[in-house]
Amino acid sequence: MRIAPLASLLVLLGCPGSTVTEPVRQPGDWSEEELQTLRALRLDPTLPADPTNRWSDDPEAAKLGRSLFFDPGLSPSGAVSCATCHNPALGFSDGRAVSQGVGETARNAPAIPGSQYGPWQFWDGRADTLWAQAAGPVESPVEMGSDRTFFARHVMNTHGEAYRAIFGGGLTQEQLDRLPARAAPGIDPDLDAAWKALSAEDREAVMEVFTKGLKAIAAYERQLLPTEAPFDRYVDAVLAGDPEGGGHLKPAQVRGLSLFVREANCTLCHHGPHFTDRAFHNLGLPGLTRYDPGRSLGALEVLSHEFNCKSPWSDTDRCEELEYLDPSFPDFQQAFKTPTLRNVALTAPYMHHGGLQTLHEVIEFYDELPGESNVNHRELTLQPLGLTEKDRRDLVSFLNALTGDPLPDRLTSPPDPVDASSTPPTR
Amino acid sequence: MTRAWLVGLALLSGCTTSSATSASVGEFRRTQVGRYQVKLELEPEPPPLGELFRVRATVTLRDGRPVETAKVEVDAQMPQHEHGMETRPRLRPGECDAEDRCKFPDGIYIFDGFKFHMSGDWTLLVHVEGPRGPDSTSLIYRAR
């Protein structure tokens, strides 16, 4: 909701936000309020339940999901898996400006660790669960280029034993024999016609395997939790009374942290244990070559998403985030989700379009705010920062202290070798 | 939902709302013209940033008697950022009769679906259309 006349009026009247004058403090000399901020930024491993997916914390489902995540056989090309764009070695991103599946996508691949915590998935929040998110790349003609029938057939043919042990049922051999190689609604006319030609019973069976396979992938992704970083150890030590923070941050990183929470005020949007407000902002980024509606379209899409929390495939009917979402919020125009900053040093390039190559470029952008938004307006809280070159380097140095400990190997590789040639292209 | 009353409220109140702080949450305050007293409570308090919470508005006459049949609206905005919330809160239904005349026992009106998606000063605005006529109030709540 937005009420410009009232807002303008209050600003004109000079109603200040805060006029409290704080004493000048040195980096590392934290006020009580700043200590609260640091405490709020410290990693919290508590993972909220996902009632939309009753297998979300099932270890066997997660194990199957891990197999599926790394399996390029889910793509008819035999060459693209989830891990293609979410590479564990790159913080589960891909190092490219925009991702390359069977074609080129329009946006940068977001990292997975941390995504378990927010209510919205994708840069524009057009999915509201991890498993609904996973459906997107599978059926995207430029990502995995697959479809639900191909996916379901492959799950049963290659992972059938694990699938049946977890979920029971699945496609019968008779169904596998009579199903077409590929069929799905809405991707292209041929697939659509093949889907419409299926019996209601076969469509239902495919949907069952497809959605449960997606939920298995989500169960795996839920295990990819952010891990403790030098920043967290520093905070623990400071809160325990050690003003040196146990030496877990270098002096430049402490200066960067000080800038982060004070002069640069990054915590306005990058707050909480994952350094994100989970909200959507229009940054007025340079280098946008085409209009991208961002959240203004994503908010509409999630409300009608085939696999959203309210869909028949969800395991709950309590969907408060969808219930109260206001898709007409004016500042959703060309707004994109605030990403987590945990592991940010691993996930270059940056922003939804991947247009900023390094963290230094990101800081430079926020410092100078070149140009203006070509749609609506840039987030009003952003103001040029007036940083020195040393300030910029210190902020980058601090961001490097958010790189967590490596995840265990059992989470960053497939459980056993997947033979992509076992499922050759069939269309 | 009409917003005209908000502008009127701003004109009447000027910057006086800025002097209020989160300490005003949970306390009765008199509305602008003095027709009612309103208490706002946030549940949970403080509401976690980026998470849904509810607002409980208790409306009484000046003598403390509950106002159970008013039309009450509550909104939250960040005037300095020129935006409101990304959500549309809804009033929980009261006890309504066959002719849709609704009563809110003890003058308690509960709104679900509030969300502070940014830290900073939010203005909570309340408008009451009740037995003594329309009146409004507001307070600043610092979300962090």
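Residues numbered from 1 in each chain as written. Chains lettered and ligands numbered in written order. Predicted model: local features only at pLDDT ≥ 70, side-chain atom pairs only at ≥ 80, totals over all residues. Heavy atoms only, no water.

1. Focus on the overall build of chain A
Argument step 1. Tallying secondary structure elements over chain A gives 16 helices and two strands in all.
Argument step 2. By the burial criterion, 56% of the 427 residues in chain A qualify as buried.
Argument step 3. A sequence separation of at least 24 residues applies to 73% of the contacts in chain A between residues at least 6 apart. (Helix = DSSP H or I, 4+ residues; strand = E, 2+ residues; numbered from the N terminus. Buried < 20%, exposed > 50% of the residue type's maximum accessible area, 1.4 Å probe, protein only. Contact = heavy atoms within 4.5 Å.)

2. Quick notes on the nonpolar core
All names here are of chain A.
Argument step 1. Membership of the largest hydrophobic core comes to 52 residues, with the highest contact counts inside it found for Phe69, Phe151, Val155, Leu171, Leu214 and Phe307.
Argument step 2. For this core, the secondary-structure elements that each account for two or more residues are helix H3 (59-69), helix H4 (82-85), helix H5 (130-139), helix H6 (148-167), helix H8 (189-197) and helix H9 (200-222).
Argument step 3. Looking at this core element by element, the count peaks at eleven residues for H9.
Argument step 4. Sequence-distant contacts of Phe151, that is, excluding residues within four places in its chain, are made with Leu74, Val138, Ser146, Val209, Phe210, Gly213, Leu214 and Ile217.
Argument step 5. Formed by 34 residues, the second largest nonpolar core is a distinct cluster that contains Leu249, Phe275, Tyr350 and Val362. (Core = buried A, V, L, I, M, F, W, Y, C linked by side-chain atoms within 4.5 Å.)

3. So, empty space enclosed by the protein
Argument step 1. If you walk through the whole model with that rule in mind, you get three cavities of 30 Å³ or more.
Argument step 2. Among the residues forming the lining of the largest cavity, the class breakdown is two nonpolar, five polar and three charged.
Argument step 3. If you add up the space inside the second largest cavity, you get close to 50 Å³.
Argument step 4. Forming the walls of the second largest cavity are Trp120(A), Glu321(A), Leu325(A), Phe332(A), Glu86(B), Thr87(B) and Lys115(B). (1 Å grid on protein atoms, 1.4 Å probe; cavity = no way out; pocket = protein on both sides within 12 Å on 5 of 7 lines; lining within 4 Å. Points joined across faces, edges and corners; volume = space filled by probe spheres on them. Nonpolar A, V, L, I, M, F, W, Y, C, P; charged D, E, K, R; others polar.)

4. Quick look at the pattern of salt bridges
Residues and elements named next belong to chain A.
Argument step 1. Counting across every chain of the model gives 41 salt bridges over all chains.
Argument step 2. With a shortest N-O distance of 3.2 Å, Lys390 and Asp394 are connected by a salt bridge. In this pair, Lys390 and Asp394 are both assigned in helix H15 (residues 389-400), four residues apart and thus about one turn of the helix distant.
Argument step 3. With relative accessibility at 40%, the residue Lys390 sits in the partly exposed group.
Argument step 4. Salt bridges here are not isolated pairs; linked through shared partners, they connect Glu364, Asp367, Glu368, Glu389, Arg392 and Arg393. (Salt bridge = Lys/Arg side-chain N within 4 Å of Asp/Glu carboxyl O.)

5. Some words on the environment of Asn108(A)
Residues and elements named next belong to chain A.
Argument step 1. Following the sequence through the fold, Asn108 ends up in the loop between H4 and H5.
Argument step 2. For Asn108 and Gly355, which are 247 residues apart along the polypeptide, the C-alpha to C-alpha distance reads 8.9 Å.
Argument step 3. In contact with Asn108, not counting residues within four places along its chain, are Arg96, Ala97, Val98, Ser99, Trp123, Pro349, Met351, His352, His353 and Gly354.

6. Section: the side chain of Asp112(B)
Residues and elements named next belong to chain B.
Argument step 1. Here Asp112 shows up in strand S8 (residues 108-115).
Argument step 2. Looking at Asp112, the relative accessible area reads 10%, which means it is buried.
Argument step 3. For Asp112, the side chain forms a polar contact with the side chain of Arg92, separated by 2.7 Å. (Polar contact = N/O pair within 3.5 Å; in protein donor to acceptor, adjacent residues only side chain to side chain.)

7. Comments concerning the state of the cysteines
Formally, a disulfide is one covalent bond, and it connects the sulfur atom of one cysteine to the sulfur atom of another.
Argument step 1. Inspection of every chain in the model, using the stated rule, returns two disulfides over all chains.
Argument step 2. Between Cys309(A) and Cys319(A) runs a disulfide, and the two sulfur atoms are separated by 2.1 Å. A torsion of -80° about the S-S bond marks the disulfide between Cys309(A) and Cys319(A) as left-handed. Pair noted here: Cys309(A) is in the loop between helix H12 (295-303) and helix H13 (320-324) and Cys319(A) is in the loop between H12 and H13, with a separation of ten residues, a long-range link. With respect to burial, Cys309(A) and Cys319(A) carry one shared label: buried.
Argument step 3. The disulfide partner of Cys96(B) is Cys102(B), and the S-S distance across this bridge is 2.0 Å. The sign of the 105° torsion about the S-S bond sets the Cys96(B)-Cys102(B) disulfide as right-handed.
Argument step 4. What makes Cys96(B) partly exposed here is its relative accessible area of 39%.
Argument step 5. Cys82(A) takes part in no disulfide bond, and the closest cysteine sulfur to it belongs to Cys85(A), at a distance of 9.0 Å.
Argument step 6. The thiol of Cys266(A) is not disulfide-bonded; the next cysteine sulfur, from Cys269(A), is found 9.4 Å away. (Disulfide = S-S within 2.5 Å.)

8. Quick look at the sheet that holds strand S1 (residues 28-30) of chain B
Argument step 1. Spatially, five strands are ordered S1-S2-S3-S8-S5 (chain B) in an open sheet, and the strand pairing comes out antiparallel. Bordering the open sheet on either side are S1 and strand S5 (90-91) of chain B, each of which pairs with just one other strand. (Pairing = 2+ DSSP bridges.)

9. Side note on the pairing of strand S3 (residues 52-61) of chain B
All names here are of chain B.
Argument step 1. Counting buried positions along S3 gives seven out of ten residues, so the element sits mostly inside the fold.
Argument step 2. Bridge count for strand S2 (residues 36-43) against S3 is eight bridges, and the pairing is antiparallel. What sits directly across from Glu41, in S3, is Arg56.
Argument step 3. In this sheet, S8 lies alongside S3 in antiparallel orientation, the contact comprising six bridges. From the neighbouring strand, Val55 faces S8, where its bridge partner is Phe111.

10. Section: the sheet that holds strand S10 (residues 133-143) of chain B
Residue and element names in this part refer to chain B.
Argument step 1. Strand order in the open sheet formed by three strands is S4-S9-S10, and the pairing between neighbours is antiparallel. Of all the strands in the sheet, the pair left with one neighbour each is strand S4 (71-77) and S10. Taking the axes of each pair of neighbouring strands and ignoring which way they run, one obtains an average angle of 15° across the sheet.
Argument step 2. Relative to strand S9 (residues 120-130), S4 runs antiparallel, the two being bridged by seven bridges. (Axes fitted to C-alpha atoms, helices over the stretch in contact; angles between N-to-C directions.)

11. Considerations on the packing of helix H14 (residues 359-368) of chain A against H15(A)
All names here are of chain A.
Argument step 1. It is the contact of H14 with H15, at a shortest axis distance of 9 Å, that shows an interaxial angle of 130°. On the basis of the axis angle, H14 is oblique to H15. Considering how the two elements wind past one another, H14 and H15 form a crossing that is right-handed. For the pair H14 and H15, the contacting residues are Leu359, His360, Ile363, Glu364, Asp367 and Glu368 in the first and Glu389, Arg392, Leu395, Val396, Leu399 and Asn400 in the second.
Argument step 2. Residue composition of the contact of H14 with H15, grouped by class: five nonpolar, two polar and five charged. (Parallel < 35°, antiparallel > 145°, perpendicular 65-115°, else oblique. Left-handed = near helix turned anticlockwise from the far one by under 90°.)

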